[in-house]
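Observations on chain architecture
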Amino acid sequence: MYLKDNIELFRSFTFYRMLNIFKLYLSFIFSRITKKSFVLGTPFALSIEPTTTCNLGCPECPSGLRQFTRKTGNLTPEINKKIIDELKNNLTYINYYFQGEPYINRHLFEMIKYANQNNIYCSTSTNGHFLTDKNCKKTIESGLQRLIISIDGVDQKSYENYRINGDFSKVITGTKNIIKWKEKLKSQTPHIIFQFLVVKTNEHLIEDIKSLSKSLKINELRLKTAQFYEFKKGNPLMPTNDQYSRYKLKEDGEYELKNKLYNHCWRMWSSAVVTVNGEIVPCCFDKDAVNKIGSLHTDKFKTIWNSQSYNKFRSLILKGRNEIEICKNCSEGSKVWA
């Protein structure tokens, strides 16, 4: 459906990168069969965290609620360069986002540009408050291929219900700015996505956000289900429309995840997360980086990726995923590979 965006992504698939994905998948299947971690290749996708700082205070967001135990700060270009220089032959995709607002890091454009120069497809996710003329021009010149703008309302009142301290007008102005600069610079990128987090306070506005996206000529609208840290007894933000909920009500009156937790996860073989401090964690559901496996300040990425600690974590996934805390609230990916 989004042909131009897919073409941009496929341009990153060299022969060696495709071979790497094939090796990763073979080792993933072998590990599932043997119940022992075995890895060939290096991740084809990474989430790299530009910053843990955020200007908003959204509920259900550790960054917004200032609930991290790890230090806040900004990723350095040196760490970004170290990752790319080591993994560029196999690395296909980087999402410059984990927690925080990426545009707060003044080196964001420099880091994206370096990845782009190595033919790596790049995306990032923003709350849209920093999309000034200057930043939009720099965004396009950096070569960013995909820009996700979080917008959870259709006016100030509905928007600030979730986006605490947010300014809806700034998001709209910023969106218009990035579209304007795409036209000025005659650029096909970035592919612009409106991401609408469906919660109880805005679920009645879905048709309105569709209309707004169309009027602004947004490339794509995504309706995203919300993750709640406390969900068993329900949550005030849980939508009433079951279609937009990750959870289902049981006969005993408590809620559980809709999807079944299989004892395997493709993400453990295909990708990893690099925190703002250069630490490696296995999954983006580990918001507070509890399961730190290594640090790029002391080791090469490949050393960490193939380490006993990483393989031990993968083995735990294969034996009992419901025993791992960050997996207990996971609603992504696993069923596809059942």
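Refer to the preceding data block for the structure.
The structure reproduced in this document is the subject of the present report. (Residues numbered from 1 in each chain as written. Predicted model: local features only at pLDDT ≥ 70, side-chain atom pairs only at ≥ 80, totals over all residues. Heavy atoms only, no water.)

**Quick notes on the overall build of the chain**
- Looking only at helices and strands, one finds eleven helices and eleven strands in the chain.
- For the chain, buried positions account for 54% of its 338 residues.
- For the chain, long-range pairs separated by at least 24 residues make up 68% of all intrachain contacts whose partners lie at least 6 apart in sequence.
- Taken as a whole, the chain presents about 16200 Å² of accessible surface, with 52% of it coming from carbon and sulfur.
- For the chain, the centre of its 51 positive side-chain charges and the centre of its 33 negative side-chain charges are spaced 6 Å apart. (Helix = DSSP H or I, 4+ residues; strand = E, 2+ residues; numbered from the N terminus. Buried < 20%, exposed > 50% of the residue type's maximum accessible area, 1.4 Å probe, protein only. Contact = heavy atoms within 4.5 Å. Areas by Shrake-Rupley, 256 points an atom, 1.4 Å probe, with all protein chains shown as cover. Lys, Arg positive; Asp, Glu negative; His and termini not counted. Charge placed at Lys NZ, Arg CZ, Asp CG, Glu CD.)

**Topic: the pattern of salt bridges**
- Enumeration over the complete set of coordinates arrives at 13 salt bridges.
- Salt-bridge contacts for Asp-242 lead to Lys-258; the nearest nitrogen and oxygen are separated by 3.5 Å. Within this pair, whereas Asp-242 is found in the loop between strand S6 (220–225) and strand S7 (247–249), its partner Lys-258 is found in the loop between strand S8 (255–257) and helix H9 (267–270), the two being separated by 16 residues in sequence.
- The partner of Glu-256 in a salt bridge is Lys-248, with the nearest N and O atoms 3.7 Å apart. (Salt bridge = Lys/Arg side-chain N within 4 Å of Asp/Glu carboxyl O.)

**Structural notes on the layout of surface pockets**
- Approximately 550 Å³ is the volume attributed to the second largest pocket.
- What lines the second largest pocket is a set of 18 residues, and nearest its centre among them are Gln-227, Tyr-229, Glu-325, Ile-326 and Asn-329. (1 Å grid on protein atoms, 1.4 Å probe; cavity = no way out; pocket = protein on both sides within 12 Å on 5 of 7 lines; lining within 4 Å. Points joined across faces, edges and corners; volume = space filled by probe spheres on them.)

**Concerning the sheet that holds strand S2 (residues 93–95)**
- The strand order across the open sheet formed by nine strands is S6-S5-S4-S3-S2-S1-S9-S10-S11, and the pairing between neighbours is mixed. The open sheet has two free edges, formed respectively by S6 and strand S11 (294–295), since each of these has just one partner strand. (Pairing = 2+ DSSP bridges.)

**Thoughts on the packing of helix H5 (residues 133–142) against helix H7 (residues 168–184)**
- Following both chains from N to C, one finds H5 and H7 inclined at 45°, their axes separated by 9 Å at the closest point. As summarised for this structure, H5 and H7 are arranged oblique, according to the angle between their axes. Here the hand of the crossing between H5 and H7 comes out right-handed. Taken together, the residues of H7 that come into contact with H5 (itself represented by Asp-133, Cys-136, Lys-137, Thr-139 and Ile-140) are Gly-174, Asn-177, Ile-178, Lys-180, Trp-181 and Lys-182.
- Grouping the constituent residues of the contact of H5 with H7 by class yields four nonpolar, three polar and four charged. (Axes fitted to C-alpha atoms, helices over the stretch in contact; angles between N-to-C directions. Parallel < 35°, antiparallel > 145°, perpendicular 65-115°, else oblique. Left-handed = near helix turned anticlockwise from the far one by under 90°. Nonpolar A, V, L, I, M, F, W, Y, C, P; charged D, E, K, R; others polar.)

**Some thoughts on the packing of helix H3 (residues 77–87) against helix H4 (residues 108–117)**
- Close contact between H3 and H4 brings their axes to 10 Å; oriented N to C, the two are set at 15°. Relative to H4, the element H3 lies roughly parallel. Regarding H3 and H4, the two cross each other, and that crossing is right-handed. Here H3 contributes Pro-77, Asn-80, Lys-81, Ile-84 and Asp-85 to the contact with H4, which in turn contributes Glu-110, Met-111, Tyr-114 and Ala-115.
- Looking at the contact of H3 with H4 residue by residue, the classes come out as five nonpolar, one polar and three charged.

**Here's the deal with unusual backbone geometry**
- Omega for the bond connecting Thr-189 with Pro-190 falls within 30 degrees of zero, at 5°, which places this linkage in the cis form.
- Its location among the elements puts Pro-190 in the loop between H7 and strand S5 (191–198).
- Residue Lys-186 is not a glycine yet carries a positive backbone phi of 50°.
- A positive phi angle is found at Ala-289, which is not glycine, with a value near 55°.
- Look at Ala-289 and you get buried, because its relative accessible area is 1%.

**Here's the deal with the side chain of Gln-227**
- Here Gln-227 is to be found in the loop between S6 and S7.
- Not counting residues up to four positions away in its chain, the partners in contact with Gln-227 are Glu-60, Arg-246, Tyr-247, Phe-285, Lys-287 and Asn-329.

**Brief notes about the environment of Ser-169**
- Note that Ser-169 resides in helix H7.
- Here Ser-169 falls in the partly exposed class, since its relative accessible area comes to 43%.
- Here the alpha-carbon distance between Ser-169 and Glu-203, two residues 34 residues apart in the chain, equals 20 Å.
- In terms of polar contacts, Ser-169 uses its side chain to reach the side chain of Asp-167, at 2.5 Å. (Polar contact = N/O pair within 3.5 Å; in protein donor to acceptor, adjacent residues only side chain to side chain.)

**Details of empty space enclosed by the protein**
- Scanning the model with the defined rule gives one cavity of 30 Å³ or more in all.
- Forming the boundary of the largest cavity are Cys-265, Met-268, Cys-283, Phe-285, Phe-313, Ile-317, Arg-321, Ile-326, Cys-327 and Cys-330.
- Along the lines of polarity and charge, the residues of the lining of the largest cavity split into nine nonpolar, no polar and one charged.

**Quick word on the pairing of S6**
- Bridge count for S5 against S6 is six bridges, and the pairing is parallel. Bridged to Val-198 within S6 is Thr-225.
- The handedness of the S5 to S6 crossover, carried by helix H8 (residues 206–215), is right-handed. (Right-handed = clockwise from strand over helix to strand, strands pointing away.)

**Comments concerning the side chain of Glu-279**
- The residue Glu-279 is located in strand S10 (residues 279–281) in this model.
- No salt bridge is formed by the buried Glu-279; the nearest opposite charge belongs to Lys-292, separated by 4.8 Å.
- Ignoring anything within four residues of it in the chain, the contact list for Glu-279 reads Val-273, Val-274, Lys-292, Gly-294 and Ser-295.

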